[in-house]
2 protein chains.
Amino acid sequence: MEIFGTIAATLTTVSFLPQTLKTIKDKDTSGISLGMYSIFTTGVFCWTVYGFIISDMPILIANIVTFILAFTILMLKLKYK
Amino acid sequence: MEIFGTIAATLTTVSFLPQTLKTIKDKDTSGISLGMYSIFTTGVFCWTVYGFIISDMPILIANIVTFILAFTILMLKLKYK
């Protein structure tokens, strides 16, 4: 059943790529919630620390990737707000 | 170290609430990526199934809540696109 968790983690991580690319391209952040990306980026940072502490590579790698994508969206929201 | 994972899960789940409320209120979905919410909602659904299969209540509950919020955003994106 590990495979189901792997698919789930891959999808939720990869999903932030189209949003990041769209926001870079369109510079349209009016509909994006600053609250969401502030809280989400903090949460993903905590996930990364957690993955590091418990030495879980899938959690660590998935959250480093998600952090980079979500942090980029957060910075673009702050820039174009 | 469980507490760190709990904080992380709570933050990443709760973060979708301000986005959902903002989108319901503003009806502004132009900057929101359909690709992101399509893939993300599918991924969170997989997480929910995974949590159910391995009988992990925190994964199950966190992902049911996230699914409701993300699915609402996806439906609003389709409605106001």
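Residues numbered from 1 in each chain as written. Chains lettered and ligands numbered in written order. Predicted model: local features only at pLDDT ≥ 70, side-chain atom pairs only at ≥ 80, totals over all residues. Heavy atoms only, no water.

K.L.:
Explain the packing of helix α2 (residues 16-26) of chain A against helix α4 (residues 57-80) of chain A to me, using residue names and the numbers behind them.
P.N.:
Residue and element names in this part refer to chain A. The interhelical angle for the contact between α2 and α4, taken along N-to-C directions, is 30°, at an axis separation of 9 Å. Viewed along their axes, α2 and α4 adopt a mutual orientation that is roughly parallel. Our pair here, α2 against α4, has a crossing hand that is left-handed. Facing F16, L17, Q19, T20, T23 and I24 of α2, the residues of α4 in contact are T66, L69, T72, I73 and L76. Its residues assigned to classes, the contact of α2 with α4 shows 6 nonpolar, 5 polar and no charged. (Axes fitted to C-alpha atoms, helices over the stretch in contact; angles between N-to-C directions. Helix = DSSP H or I, 4+ residues; strand = E, 2+ residues; numbered from the N terminus. Parallel < 35°, antiparallel > 145°, perpendicular 65-115°, else oblique. Left-handed = near helix turned anticlockwise from the far one by under 90°. Contact = heavy atoms within 4.5 Å. Nonpolar A, V, L, I, M, F, W, Y, C, P; charged D, E, K, R; others polar.)

K.L.:
An account of the relation of the copies chain A and chain B is requested, with residue identities and associated values reported.
P.N.:
Mapping chain A onto chain B leaves a residual RMSD of 0.0 Å; the transformation is a rotation of 180° accompanied by 0.0 Å of translation along its axis. Those values place the two copies in the arrangement expected of a two-fold rotation axis. Considering only C-alpha atoms, the part of chain A nearest the rotation axis is G31 of chain A, at 2.7 Å. Interface overlap between copies: 100% of the residues of chain A at the interface are likewise at the interface in chain B, consistent with a symmetric, same-surface contact. (Least-squares fit on C-alpha atoms with pLDDT ≥ 70 in both.)

K.L.:
Give a detailed account of the pattern of salt bridges, specifying residues and quantitative values.
P.N.:
Residues and elements named next belong to chain A. Summed over all chains, the structure comprises 4 salt bridges over all chains. For the salt bridge of K25 with D26, the shortest nitrogen-to-oxygen distance reads 3.4 Å. Taking relative accessible area as the criterion, K25 reaches 66% and is therefore assigned exposed. Through salt bridges with shared partners, a single network forms among K22, K25 and D26. (Salt bridge = Lys/Arg side-chain N within 4 Å of Asp/Glu carboxyl O. Buried < 20%, exposed > 50% of the residue type's maximum accessible area, 1.4 Å probe, protein only.)

K.L.:
Residues and numbers for the environment of S33 of chain B, please.
P.N.:
With respect to the secondary-structure elements, S33 of chain B resides in the loop between α2 (16-26) and α3 (34-53). Accessibility expressed as a relative area gives 3% for S33 of chain B, which makes it buried.

K.L.:
Summarise the packing of helix α3 (residues 34-53) of chain A against α4 of chain A; cite the residues concerned and give the values.
P.N.:
Relative orientation and spacing of two packed helices are given, respectively, by the angle between their axes and the distance between those axes. Residue and element names in this part refer to chain A. Look at α3 against α4: their axes get within 9 Å of each other, and the N-to-C directions meet at 155°. The orientation of α3 with respect to α4, classified from their angle, is roughly antiparallel. α4 is crossed by α3, and the crossing has left-handed handedness. In this structure, α3 contributes L34, Y37, S38, F40, T41, V44, F45, W47, T48, Y50, G51 and F52 to the contact, and α4 contributes I59, L60, N63, I64, T66, F67, A70, F71, I73, L74, K77 and L78.

Any functional reading would require information that these geometric values do not contain.
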